[in-house]
Structures are given as structure tokens and as C-alpha cells.
Amino acid sequence: MLLSVVVPVHRVQGYLRATLESVLDQLPGEPELLVVDDGSRDGSAGIAAEFARRDPRVRVITLPEHRGAGPARNAGAAAACGRYLLFLDGDGLLLPGALEAVAGRLATGEPDVLLLGHDRVDWWGEVSAPVPAPAVPEPAVPAPVPEPAPAVLVPEPEPVPAVLVPVPDPAPAVLVPAPVVMPPLVTPPVAVPPVGASDDGTGSAPAPAIEGFSTAVPCLVRRAFWTGHGLHFTDGPYADVLPIHRAALLAADAGTLDSLDRTCVRHRVRRSGTPATTPGRHHFAILDAYARLLAETGDDPRVRAARARHLHAVLDDPGRIAPEDRAAFHRAAALPGSYPAHRARRAARAAHDRARTALGRCGTALGTGFTRAVYRTDLLRPLDPNLAVYGAHWNRGVACNPAAIHAKALELAPHVQGVWTVSSRYLDRLPPGTPYVVEGSLAYWRIMATATYLINNSGFPGGFTKRPGQRYLQTHRGTPLKTMGLDRRGYPARTGDAGSERIVAHADQWDFSLSANPHTTEIWDRVYPAGYEHLNLGYPRNDVFFTAGPERTEEIRWELGIPRGRTVLLYAPARRDHHRGLVPHLDRRRGFVPHLDPERVARALGPRYVVLVRAHHSHDRAARPSGTGVIDVTDHPSVEELCLASDALITDYSSLMFDYACLDRPIVGHVPDWDAYRASRGTYFDLLSGRPGDTPGAVATTEDELVELFRSGEWCSPRTDRLRTAFRERFCPYDDGHAAERVVRRLFLSDEE
């Protein structure tokens, strides 16, 4: 086996799937993939286990506790079988074609260390210019030493001793590597040839500098070389400083260092959740890492150059050294010059960064100078510990997860007063007796300034200032099939939605993010990069699917006017973003194109069937269907009740399918424009694949195919039952009828369980 890829895993659930796929989608049969679970408490271990079950190339190594990236990499290297080792971060990517290029290079030689090109992508999706693998210079040829000059005899009466003119030794070359940022480790010291000495003890000059080398440069290391020299990652932060520099220096001095002029690895820069994004004194560990490296390399001047550049990079990174610690770090590092002078040079760059951050902040929409002044005054008032503000669907009324949480809070936490924010256009939708404030009003800004609890499935309007002590729960509106958050960048259908800066600024306000399944948690972790806590507690709105009995179903059907004995089909299509703006007369309807004629379907199926049509709330009322066997239920206040009243769901891409799976009733897909939808909006899995867990049931791409599914009985066949079971297991593991109670206890009653 040519290659073993070692991937340490800790808190990378939003990134790991793509990382592992990037490795496995390379050469057939290659490589061995060793995933080391470093005591991760998120969904990372489950993702790794999933890959190991379906691909024999994947092995999972589980550490008994969190040890850090260094020991995790060591564990993977110790278990590896490949001729070469590649250490890839759990959020890194191996770019397409990388292994083929590596295999081609290794077919022509067997270097001890092969340097690879790389690039970076930030959380905005901006890819940096590729950083080519450092060019490896030819080994230095020692300058010829001239013959000593002959002794000169001075013809004096007294003979003078001969004078020899010595020739100075050639000065050693200096390696100048670029700074890096990685974690450190602790292993038994291994002797390293001192500067000026080669492995064979001839004392020849060291290899010339490798311009641009740093521990950020990905590299393959021959496993026998790694183990033969006793290379190990150290414990703690900056674990790679010692072994990666030593490997490069040893290979350079031995003439076995090579490089591949190709971008092979992509570093995904994360906004939060990593040591590199957490300022603190733990970054002082880099000083010890380089002190040990210098000691083990005989104070190699090439190491000193790398150290200076790396320490400056760490000092200048606001995500590493806290402002109050920078002067101390500068002194401890013994960097040249004074820290005040260094700080002055950084001032211009900091001003630029602040300006960019300000552009990403949501501006306030306070209507008048008076309202603004009152709001600022209210921000000085103490928070009310028993006040909660609820909002749903951009202030359209009482609905979804916030409604279920509010109802359960009235039961379990009656001391917490709940108030709803609502747009003046939707006041008629409020249930009688609902406490509310109108968005943008003086009362709205007052409760936003003083409420302790904020619960919403979308966002609060106007750009409010979240105060210390406020607890914001983002419940979301469903499980994502289509791309969400930062993943929407690059898709044409994102026109009109919030920009990336606003998405991130909004996520920064959250304290908690609610999830119904591991898939959702994995996606939210990446597309809304911020420091909130995931609450894997299920969706409260789905509790009713487990608690309502048959009598409630009959009541809802009677209220809707459905005769007894009918088979009720709920048709709930998603909004088509990719139609918006393409046809002028459709703009006012925000992309509603009726791909299915419910009246025609009802006629074709006959009087035993009734079709309930639940259009998206953005669809124009005039375009909604009606006719024999069809009931328009778009304005019904509860989609959950409509689900209870139905025998099956017909949908395309609506997230309602994930909630409906809780009922364990048939789900039928009608997807006539799947390719266009995926191309314009992007999706996280293939709904039409037929794979268990991806496809919830029978699928039709035309109206005639849909009718035939019901006529033939395929819509509720044993095959579709098996698909639905797998789909339900994947997307409904947390839903059991008690999600609202868990959320209320966690949010209002500080129940950590």
C-alpha cells in the first residue's frame, strides 16, 4: 500500500464528511484512511463509524479520552501500513487528482519527504492563491579549500619560523522557512546531527534554505524514515513544530527532500471552535516548541529563521494572542525591536479589519430619533429574568417550534412571561389572548432591550443589540435538504437573501441552536460558524405527532369538511427560488410555478381521494388551486394538524418531509425539476438515488407517473415502507413527543441533562 492518510478528529462534525470523501474519491484501492477519534463529543465519531462500515479502506481508532491532535496523529501513524504517511486535518481537503499526481511522482523516485502545494479557503468561501510546494534547491557543494600557502622564509641572520595563512571554513547556508500554525507534543528526545554535520558524519555543510517551508506546508513522509528517526508529534498546542521541521531538515541534509508542483491540499479556515481561533496563554507553548527544536538541532540557524517568522505570525493573529498578553509574548519570544513599535505597524491593518467587520453588521432599522433614544435608554435597564420574546417565520404569527416551546413553558415555567413579535399585516392570525408587540414599535424595542430569553425560528427584525445575559435560542425551521447559510454562496438562486456577513453576524447572536437529527447538527455547525451550543433535543413542533390520537385526526378532518372513508393526500410543494426573476409576471408571486395540477390528479384518482394543497406562504393567493376533490389549506394555522389529517404526503423539496416521517406514513416525491433545483440551489444528498436514508419513498418525475403510483399501490408498498423506515431512522432519532419539555427545561430551568 502506497499511502496511509491519518486524520485526527475532534469537534469537526460539520467538516469531516467532506474531508473523508475527498480522500476516498481518489485512486481506486488507495489510500488507507485512519480516522483517530480524539474523544470528540459531537457527531464526528458517528460520521467516522459510518464511513468505516461502508468502506474497508477506513479504520477508526478511538482514544479513551481527548488527548489533542499530536497524540491522535501519533496513534494513527503507529497503526499505519502504507509506505508513506500524510497527516490531514479533520477539516482539510485532499483536492481532486492529488493522489494520482503523488503516485506519479513517487513512481520516479522514493524521497523521504515530499512537499505538496496547498491553498486556503475561509468561511466566506474565498480561496487564497495557491501556495506551491517550496522548491527544493540542489544540495550545497562545499567550496574548494585552497592549498595552504607555502611557508615564506625571511633571509635574516636569525631564521624566522614559517608563517601559515589559514583559509576560513565556508559559512553554512541558512534555511528560511515560512511561519506555521499547528499544535505541539512531548516525546523522548532523539539525537539530531548538529549544524555542519551530515548523517554520515563527514561534517559537510547543511542543505541550503528551503524558501517558503513551514509546518503549514503539507507533506508526505516515508513511514520507515518517520519511525527510523523516532519522529513524534508532541503534546499540547503546536504539536507539529518539532517533528515536521526535523523531518524536513533531515531529508534536506540527506538529499532526500523533494517537492510536487501541484496544489494537493486545501486548508479550510474555521471561524470558531479551534485552538487557532481561541486567544489565550496556551499559545505561549510555541516558545517551548521552538526551544526544544533548537536544542535538538544544535541551534540550527535555519530553525532560528523559521522561529522568528512563525512567532511574528502568531503575535499578529488576533485569534491567538489576547491584546493584554501581546507585550509579554513579544518579550518572552525575544523578538527584535520593541512591542510598541510593532503595535504601531499593526494599527493600519487593524483599522482596515474593523472597517470590514462593520460592513457585515446588521444596521438598525429604528424608525425615529425618539425611538432610538428610548431604545438606548432601555438598554441600560436591568434584564427581566422572567421575560421571553418569541418570533416565527419573520413575524407572521404563532407557529412552528417557538409555538410548541411557548405552550410547554406555560406548563413547566409559568413564571416566564412570553410575548410574541408580529408584523402588523398578520395581527389577524394571532390566536385570541396572545400577548404580542408589533415589530418596530416602541413596545417591541423595549422588550428586545430587557427580555432575558429570545426564541425564534428565523430572526428578529431591525438589527437589535444583544446584551450580555440574554439567551438566544435559534430553533430553525426544518431539516436541510437544500443548501443553507454560507453553503448557499455560489448558487444563482441565492438572489435576494441575506449576505454572508449578515448570516454570520446573526449566528454570533445565538447561544443555542436546536437540531432534530445528526445531519442537521453537522450542517449547522459548518454553515453558521459561531460559538453557540448545539441542542440535539428534537423539534418541539413534532411532539404532537406522538401525542395526538385517532380521535384528534377525525376532528381535524371534520373541521376541514372531509367525508369519512376518504384517502387524504397532503400536497406541500417547496418554493422554487430558481424561477424568481426569470419570468417578469411571476416576480410578484416570488417564484410560484404550479408543477402539479392537484385538480387533475384528484379527478384521475377518483372520489375516494381528497387532495389538501398547502402552498408555501410566499405564493400568491390568486394562483392557489381549487376544484372537485381539492381543498386549499394554505391559510390553515397549523401544518402539523394537516399532517395528522392526511394519509400520505406528496412533496418535492419541502423540509416538511422530515417532520412527516415521524408519523411513519407514506411520503411520495413529485420532482419534475430535480436537476434544475440542484444546480440552482444545491442539495445535501440525492433525493432520487433510491438509497435507504436518502429517498423517503416512491418518486415520480411527471404527473402521470404520480397518478400511476397511487393506482398501482406502489406508494405504500413493502419497498417504499423499507425506504421510509431508513429515512425515519436517519432524520427522526431525537423526536419522541418530549422535545418541547427538554428544551424548556434546558433554556428556562437550567437543566443541563
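Let me begin by describing the structure that accompanies this report.

Rules used in this analysis
- Residues numbered from 1 in each chain as written.
- Predicted model: local features only at pLDDT ≥ 70, side-chain atom pairs only at ≥ 80, totals over all residues.
- Heavy atoms only, no water.
- Axes fitted to C-alpha atoms, helices over the stretch in contact; angles between N-to-C directions.
- Helix = DSSP H or I, 4+ residues; strand = E, 2+ residues; numbered from the N terminus.
- Parallel < 35°, antiparallel > 145°, perpendicular 65-115°, else oblique.
- Contact = heavy atoms within 4.5 Å.
- Nonpolar A, V, L, I, M, F, W, Y, C, P; charged D, E, K, R; others polar.
- 1 Å grid on protein atoms, 1.4 Å probe; cavity = no way out; pocket = protein on both sides within 12 Å on 5 of 7 lines; lining within 4 Å.
- Points joined across faces, edges and corners; volume = space filled by probe spheres on them.
- Left-handed = near helix turned anticlockwise from the far one by under 90°.
- Buried < 20%, exposed > 50% of the residue type's maximum accessible area, 1.4 Å probe, protein only.
- Arc of directions from axis to C-beta.
- Salt bridge = Lys/Arg side-chain N within 4 Å of Asp/Glu carboxyl O.
- Pairing = 2+ DSSP bridges.
- Lys, Arg positive; Asp, Glu negative; His and termini not counted.
- Polar contact = N/O pair within 3.5 Å; in protein donor to acceptor, adjacent residues only side chain to side chain.
- Core = buried A, V, L, I, M, F, W, Y, C linked by side-chain atoms within 4.5 Å.

Two elements in contact, helix H8 (residues 301–316) and helix H9 (residues 326–333), have axes separated by 11 Å at closest approach and are oriented at 175°. Considered as vectors, H8 and H9 are oriented roughly antiparallel to each other. Contact with H8, carried on its side by Arg-307, Leu-311, Val-314 and Leu-315, involves Arg-326, Phe-329, His-330 and Ala-333 of H9 and no other residues of that element. In the contact of H8 with H9, the residues fall into five nonpolar, one polar and two charged.

Take Asp-258: it is sitting in strand E8 (residues 257–268). Taking the C-alpha atoms as reference points, Asp-258 and Leu-116, separated by 142 residues in sequence, lie 9.1 Å from one another. The residues contacting Asp-258, other than those within four sequence positions of it, are Arg-105, Pro-111, Val-113, Leu-114, Leu-115 and Val-136.

Quick look at the layout of surface pockets now. One number sums up the size of the second largest pocket: a volume of about 1300 Å³. In terms of lining, the second largest pocket is formed by 41 residues, of which the most central are Arg-17, Ala-18, Glu-522, Ile-523 and Arg-526. Listing elements by their share of the lining of the second largest pocket, those giving two or more residues are helix H1 (16–24), helix H2 (44–54), E8 and helix H15 (518–527). Considering each element in turn, the lining of the second largest pocket owes the most residues, seven residues, to H15. Its residues assigned to classes, the lining of the second largest pocket comprises 15 nonpolar, nine polar and 17 charged.

A pair of packed helices can be characterised by two numbers: the angle between their axes and the separation between those axes. Between helix H6 (residues 241–254) and helix H7 (residues 285–296), whose axes approach to 9 Å, the crossing angle comes to 35°. As for the relative orientation of H6 and H7, their crossing is right-handed in sense. Contact residues: Val-241, Leu-242, His-245 and Arg-246 in H6; Ala-289, Tyr-290, Arg-292, Leu-293 and Glu-296 in H7. Tallied by class, the residues present in the contact of H6 with H7 amount to five nonpolar, one polar and three charged.

As a further point, take helix H14 (residues 500–507). If you check which residues of H14 are buried, you get Ser-500, Ile-503, Val-504, His-506 and Ala-507. Taken down its axis, H14 places every buried residue within 160° of arc, on the same side. Looking at the buried side of H14, the elements it contacts are strand E13 (471–474) and H15.

Let's shift gears to the pattern of salt bridges. Evaluated as defined, the whole model comprises 41 salt bridges. Its salt-bridge partner being Glu-110, residue Arg-83 comes within 3.3 Å of it at the nearest N-O pair. Placement of Arg-83 in the loop between helix H3 (69–79) and strand E4 (84–87) and of Glu-110 in the loop between helix H4 (98–106) and strand E6 (113–121) is noted, with a sequence separation of 27 residues between them. Residue classification places Arg-83 among the partly exposed residues on the basis of a relative accessible area of 40%. Note on Glu-110: relative accessible area 48%, which makes it partly exposed. We note a salt bridge from Arg-302 to Asp-253, for which the minimum N-O separation is 3.0 Å. A residue pair is termed long-range when its members are at least 10 positions apart, and Arg-302 in helix H8 and Asp-253 in helix H6 qualify at 49 residues.

Turning next to the pairing of E4. Neither face of E4 is left uncovered, since the one carrying Tyr-84 and Leu-86 and the one carrying Leu-85 and Phe-87 both have all their residues buried. Where strand E1 (residues 3–9) meets E4, four bridges bridge the pair, whose relative direction is parallel. For Ser-4, the partnering residue across the bridge sits in E4 and is Leu-85. Bridge count for E4 against strand E7 (residues 219–222) is three bridges, and the pairing is antiparallel. The residue of E7 that forms the bridge with Leu-85 is Val-221.

Take the side chain of Asp-735 next. Mapped onto the elements of the fold, Asp-735 is located in the loop between helix H23 (718–731) and helix H24 (739–747). Despite its burial, Asp-735 pairs with no opposite charge, the nearest such side chain being Arg-742 at 5.7 Å. A polar contact of 2.8 Å, which involves the side chain of Asp-735, links it to the backbone nitrogen of Tyr-539. In this structure Asp-735 touches Ala-516, Gly-538, Tyr-539, Asn-542, Phe-546 and Cys-662, once residues within four positions along its chain are discounted.

An order of E3-E2-E1-E4-E7-E6-E8-E5 is seen for the eight strands of this open sheet, with the pairing classed as mixed. The open sheet has two free edges, formed respectively by strand E3 (58–62) and strand E5 (93–94), since each of these has just one partner strand.

What the six strands build is an open sheet, ordered E18-E17-E16-E19-E20-E21; its pairing is parallel. Taken across any chain shown, the strands that pair with only one partner, and hence form the sheet edges, are strand E18 (630–632) and strand E21 (699–700). Both strand E19 (residues 648–651) and strand E20 (residues 667–670) contribute to a ladder of three bridges, which runs parallel. Within E20, the position partnered with Ile-650 by the bridge is Val-668. Against the sheet, helix H18 (residues 598–605) touches strand E16 (567–571), strand E17 (609–613) and E18, its axis set at about 165° to E17.

Generally speaking, nonpolar side chains in soluble globular proteins are found buried as a group. Counting 35 residues, the largest nonpolar core has Leu-560, Leu-570, Leu-612, Leu-649, Tyr-653, Met-657 and Leu-687 as its most contacted members. Among the secondary structure elements, those contributing two or more residues to this core are helix H17 (550–560), E16, E17, helix H19 (639–645), helix H20 (656–660), helix H21 (674–681) and H23. Examining the composition of this core, we find that five residues originate from one element, H19, more than from any other. Not counting chain neighbours up to four residues away, the residues in contact with Leu-687 comprise Leu-481, Asp-652, Tyr-653, Met-657, Val-671, Trp-674, Asp-694, Thr-695, Pro-696 and Val-699. Ranked by size, the runner-up nonpolar core spans 31 residues in total, among them Val-12, Ile-47, Val-58 and Val-265.

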